[in-house]
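# Examining the three-dimensional arrangement
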Amino acid sequence: MAKVIRTYKGGSLSATCLMRNEDGKLFVRKSVSLIENREYGFQRWYSQLKRLQRYSALFPGLFPRVIRFGKDNEIAYFDIEYFESAINAQEYIEQCQQDSEVDEFFISLINIMSILHKTEIPSNAESMELYLNEEIEQRLKDCSKNKAFIDFLKYEEILFNGTKAKPFLSVLDEYKILCKQCYVSPTETFTHGNITLENMLYVVGEKRIILIDPYEENIIDSVLAEYSQLLQSTNSKYEMYNCRNATVVDNKIVLTLPKSFGIEYLNEKILQHIRNTYSQNDYIVVRLLEISQFIRMLPFKMAVDESKMIFFYGLASYLFELLREEYIALGGSEI
Ligand SMILES: Nc1ncnc2c1ncn2[C@@H]1O[C@H](COP(=O)(O)OP(=O)(O)O)[C@@H](O)[C@H]1O
Ligand SMILES: [Mg+2]
């Protein structure tokens with residue numbers, strides 16, 4: 001019988017652990033209930049299994065190999081290659097003190113993204129309608145029966161770390177208009193689908209990034225969505241917020257983060273790269289999708305930690321407030 005050596009903390013409804021076989025070999029197992037919460041549990045887990053299988057064949061060395069998958073009573077599981085000498089990229093970047101360390105990581109990141117995103121798949125801009133329906137409106141609807149969420153919705157203004165912001169639901173129409181107006185480059189590609197820093201492993205000595213935890217539920221498989229998920233980590237500091245607890249009193253949300261040179265510096269590099277490579281419309285789409293990441297995660301947060309659901313709804317509201325100002329400063333018309 002294989003033995004559990006360690007259980008990893010993760011943000012999803014599936015469980016991840018390190019295991020050892022009878023023959024001493026280590027592997028990572030991701031398992032999920034076949035009964036409970038199938039939409040946000042099993043369906044996501046299944047999309048990950050299929051992406052890992054296909055991407056290991058298409059992009060050798062970029063993702064962990066799937067060793068086996070199956071079912072054990074009411075649990076589905078898959079086992080993947082374990083990277084013993086790798087460190088989680090969020091942990092690594094957060095503690096970096098030197099430009100050169102982050103520069104090396106950034107070069108590797110852009111390199112693997114260019115491999116993954118090489119294939120161009122023609123698509124159409126109307127797909128944004130489906131994205132907004134599924135990833136924004138449906139996700140908000142999924143939370144709308146939750147008591148804590150309903151209670152928070154009664155405020156006409158949110159104070160996020162002292163800054164005033166209109167609640168996201170009250171600016172949803174503006175948000176949708178801007179998304180449809182700016183999404184004019186509808187080319188798609190092979191994406192990771194959840195490419196945040198916590199979903200990358202880094203082998204420092206080899207300057208090698210391994211991508212873990214991909215998902216199939218992006219609707220729009222755009223490189224712009226991929227950049228929005230990187231910004232979710234570096235610009236909106238998802239992981240740093242997610243591992244801490246906010247204070248929420250009435251409409252006031254407070255959570256102060258420690259400074260991280262590595263995260264700030266990587267953020268500058270990513271933003272500069274996006275601005276140098278893409279049009280202004282594409283840049284705005286990346287920033288709009290960055291906000292959408294915090295809305296589409298709300299039902300998962302509702303399932304694992306309600307206070308995080310309120311916090312990330314507040315963060316999305318605050319981020320749209322900032323983006324509206326930036327959009328106008330860039331010469332965009334009033335929305
Ligand atoms: N193949 C692997 N090798 C080494 N560590 C891994 C591997 N897969 C996952 N981990 C560790 O487990 C953590 C959670 O894995 P992840 O697939 O991101 O789960 P979740 O869906 O819960 O976010 C990762 O942050 C990483 O530290
Ligand atoms: Mg993960």
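Residues numbered from 1 in each chain as written. Chains lettered and ligands numbered in written order. Predicted model: local features only at pLDDT ≥ 70, side-chain atom pairs only at ≥ 80, totals over all residues. Heavy atoms only, no water.

### A look at the pattern of salt bridges
- On inspection of all chains with the given rule, the structure shows 21 salt bridges.
- Ionic pairing is found between D213 and K30, a salt bridge with its closest N-O pair at 2.9 Å. Placement of the pair is D213 in the loop between β10 (208–211) and α7 (223–234) and K30 in strand β3 (residues 26–33), with a sequence separation of 183 residues. For the pair shown, D213 and K30 are each scored as buried.
- Two residues, E326 and R287, come together in a salt bridge whose shortest N-O distance is 3.3 Å. With a gap of 39 residues between them, E326 in helix α12 (residues 306–329) and R287 in helix α10 (residues 280–296) connect regions that are remote in the sequence. (Salt bridge = Lys/Arg side-chain N within 4 Å of Asp/Glu carboxyl O. Helix = DSSP H or I, 4+ residues; strand = E, 2+ residues; numbered from the N terminus. Buried < 20%, exposed > 50% of the residue type's maximum accessible area, 1.4 Å probe, protein only.)

### A word on the sheet that holds β3
- Taken together, five strands build an open sheet; the order of strands is β1-β2-β3-β5-β4 and the sheet is antiparallel. In this open sheet, the two strands that pair with only one neighbour each are β1 (3–8) and β4 (66–72). Ignoring which end each strand starts from, the neighbouring axes of this sheet average 25 degrees apart.
- In terms of strand pairing, β1 meets strand β2 (residues 15–20) through five bridges, oriented antiparallel. Each residue of the ladder has a partner; that of K3, found in β2, is R20. (Pairing = 2+ DSSP bridges. Axes fitted to C-alpha atoms, helices over the stretch in contact; angles between N-to-C directions.)

### A few points about the pairing of strand β9 (residues 200–203)
- Of the two faces of β9, both are covered, the one formed by M200 and Y202 as well as the one formed by L201 and V203.
- Note that strand β6 (residues 87–88) and β9 share two bridges and pair antiparallel. Residue pairing for β9: N88 is matched across the bridge by L201.
- Direction of pairing for β9 relative to β10: antiparallel, over a ladder of four bridges. Note on β10: the bridge partner recorded for V203 is R208.

### Quick word on the nonpolar core
- One finds F105, F168 and M200 to be the most contacted residues of the largest nonpolar core, which totals 95 residues.
- With twelve residues, the single largest contributor to this core is α12.
- Here this core gathers at least three residues from each of two domains, domain 1 (3–80) and domain 2 (88–329). (Core = buried A, V, L, I, M, F, W, Y, C linked by side-chain atoms within 4.5 Å. Domains from an automatic or database assignment.)

### Quick look at the packing of aromatic side chains
- Taken as a whole and assessed by the stated rule, the structure comprises 25 aromatic pairs.
- Considering the side-chain rings of Y238 and F294, the 6.3 Å spacing of their centres and the 55 degrees angle between planes classify their relative orientation as tilted. A residue pair is termed long-range when its members are at least 10 positions apart, and Y238 in helix α8 (residues 238–242) and F294 in helix α10 qualify at 56 residues. Of the two residues, Y238 and F294, both sit in the buried class. (Phe/Tyr/Trp six-rings, centres within 6.5 Å; stacked < 30°, edge-to-face > 60°.)

### Considering the domain arrangement of the protein
- Domain annotation for the protein reports domain 1 (3–80) and domain 2 (88–329).
- The gap between the C-alpha centroids of domain 1 and domain 2 is 24 Å.
- The tally of links from domain 1 across to domain 2 stands at four salt bridges.
- Its salt-bridge partner being R51, residue E216 comes within 2.9 Å of it at the nearest N-O pair.
- Here domain 1 is connected to domain 2 by 14 residue pairs in polar contact (both at pLDDT 80 or more).
- Considering every element that reaches the side of domain 1 that touches domain 2, the biggest residue donor is helix α1 (residues 42–58), with eight residues.
- Looking at the side of domain 1 that touches domain 2 residue by residue, the classes come out as ten nonpolar, six polar and three charged. (Polar contact = N/O pair within 3.5 Å; in protein donor to acceptor, adjacent residues only side chain to side chain. Nonpolar A, V, L, I, M, F, W, Y, C, P; charged D, E, K, R; others polar.)

### What about the pairing of β4?
- In this sheet, strand β5 (residues 75–80) lies alongside β4 in antiparallel orientation, the contact comprising six bridges. Within β5, the residue paired with G70 across the bridge is Y77.
- Between β4 and β5, which pair antiparallel one after the other, the connecting turn spans two residues, and N73 there sits at a positive phi close to 55 degrees.

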